[in-house]
Amino acid sequence: MKQTFKINGMSCGSCKQTVEKALQEVSGVSSVQVSMSPPEAIVEKADSVTLNQLNAALSKAGHYSIGDEEPSSTQKNKGGCCCG
């Protein structure tokens with residue numbers, strides 16, 4: 001199953017690479033394509049992979065999350081794991 005998710009917290013190319021790697025490491029994910037504009041990831045995954053699993057991987061990698069809402073102001077200021 002291929003799904004597109006909005007990614008909150010990315011602010012540079014390094015963030016993009018970190019998000020891509022984190023999602024690829026989730027068991028059951030077969031491919032990931034991440035873009036900065038718009039900030040989203042196209043994830044091909046097994047039906048058994050949950051949104052919670054993907055969010056957990058992103059959270060572990062930095063201040064990233066999947067969602068339709070805009071990141072909070074603290075997330076915008078922090079950026080991902082590399083942009084302080």
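Just so we're clear, the structure is a prediction, and the values are computed from it rather than from any experiment.

The rules behind the values
Sequence order sets the numbering: in each chain, residues are counted from 1 along the sequence as written. Given that the model is predicted, a residue must reach a pLDDT of at least 70 before its local features are reported, and side-chain atom pairs must reach 80 or more before they are shown or counted; all residues, however, enter totals for whole chains, interfaces and linings. As a convention, hydrogens and water are excluded, and side-chain values are obtained from all of the structure's heavy atoms. Strands here mean DSSP runs of E at least two residues long; helices mean DSSP runs of H or I at least four residues long; both are numbered from the N terminus. Relative accessibility thresholds used throughout: buried, under 20% of the residue-type maximum; exposed, over 50%; partly exposed, between the two (1.4 Å probe, protein chains only). Here, two residues are considered to be in contact whenever any of their heavy atoms come within 4.5 Å of each other. Per-residue and other accessible areas were derived by the Shrake-Rupley procedure at a 1.4 Å probe size, with only the shown protein chains allowed to occlude residues. For the purposes of this section, nonpolar cores are sets of buried Ala, Val, Leu, Ile, Met, Phe, Trp, Tyr and Cys residues that join through side-chain atoms within 4.5 Å. Being paired, for any two strands, means DSSP has found at least two bridges between them. Axis lines are fitted through C-alpha atoms, for helices just across the contact stretch, and the angle between N-to-C directions can take any value from 0 to 180 degrees. His is not counted, nor are the chain ends, whereas Lys and Arg count as positive and Asp and Glu as negative. Every case where a carboxyl oxygen of Asp or Glu lies within 4 Å of a side-chain nitrogen of Lys or Arg is listed as a salt bridge. We call two N or O atoms a polar contact when they sit within 3.5 Å, provided that within protein one can donate a hydrogen and the other can accept it, with sequence-adjacent residues counted only if both atoms are side-chain atoms.

Participant: Explain the overall build of the protein chain to me, please; I cannot follow it from the model alone.
Facilitator: A tally of regular secondary structure across the protein chain gives 3 helices and 4 strands. Looking at the 84 residues of the protein chain, the share that counts as buried comes to 33%. Of all intrachain contacts in the protein chain linking residues separated by at least 6 positions in sequence, the fraction that spans at least 24 positions is 58%. For the protein chain, the accessible area works out to roughly 4,900 Å², and carbon and sulfur atoms hold 46% of it.

Participant: I would appreciate a short explanation of the nonpolar core in the present structure.
Facilitator: Looking at soluble globular proteins, one finds that nonpolar side chains tend to be buried together. By size, the foremost hydrophobic cluster in this structure holds 19 residues, and its most contacted members are Ile7, Met10, Val19, Leu23, Val29, Leu54 and Leu58. Among the secondary structure elements, those contributing two or more residues to this core are β1 (2-8), α1 (13-24), β2 (29-35), β3 (40-45) and α2 (51-61). Sort the elements by how many residues they give to this core and α1 lands first, with 4 residues.

Participant: Quick question: what am I supposed to make of the sheet that holds strand β4 (residues 65-66) here?
Facilitator: By way of backbone hydrogen bonds, the strands of a sheet pair with one another, either parallel or antiparallel. Here 4 strands make up an open sheet; going across it, the order is β2-β3-β1-β4 and the pairing antiparallel. The open sheet has two edge strands, β2 and β4, and neither has a second partner. As judged from the 5 bridges shared by β1 and β3, these two strands associate in the antiparallel manner. Within β3, the residue paired with threonine 4 across the bridge is isoleucine 42. Contacts between α1 and the sheet are confined to β1, β2 and β3, with β2 contributing the most and set at about 165° to the helix.

Participant: Whenever I open this one, the environment of glutamine 53 confuses me. Can you help?
Facilitator: Locating glutamine 53 in the fold gives a position in helix α2. For the pair formed by glutamine 53 and serine 27, sequence separation is 26 residues and the distance between their alpha carbons is 9.1 Å. Those residues in contact with glutamine 53 that lie beyond four places of it in its chain are Val26 and Ser48.

Participant: Sorry, what's going on with the side chain of lysine 45 here?
Facilitator: Take lysine 45: it is sitting in strand β3. The side chain of lysine 45 sits in the buried core without any salt bridge; aspartate 47 is the nearest counter-charge, 5.6 Å away. Within polar-contact distance, the side chain of lysine 45 engages the side chain of glutamine 3 at 3.2 Å. Among the polar contacts made by the side chain of lysine 45, one reaches the main-chain carbonyl oxygen of valine 49 at a distance of 2.9 Å. Beyond its immediate stretch of four places on either side in the chain, lysine 45 contacts Met1, Gln3, Phe5, Gly28, Val29, Ser30 and Leu54.

Participant: Just to check I follow, could you spell out unusual backbone geometry for this structure?
Facilitator: In this structure, the amide linkage connecting serine 37 to the following residue, proline 38, adopts the cis form with an omega of 0°. Inspection of the secondary structure assignment puts proline 38 in the loop between β2 and β3.

Shape is all these values report; function is a separate question.
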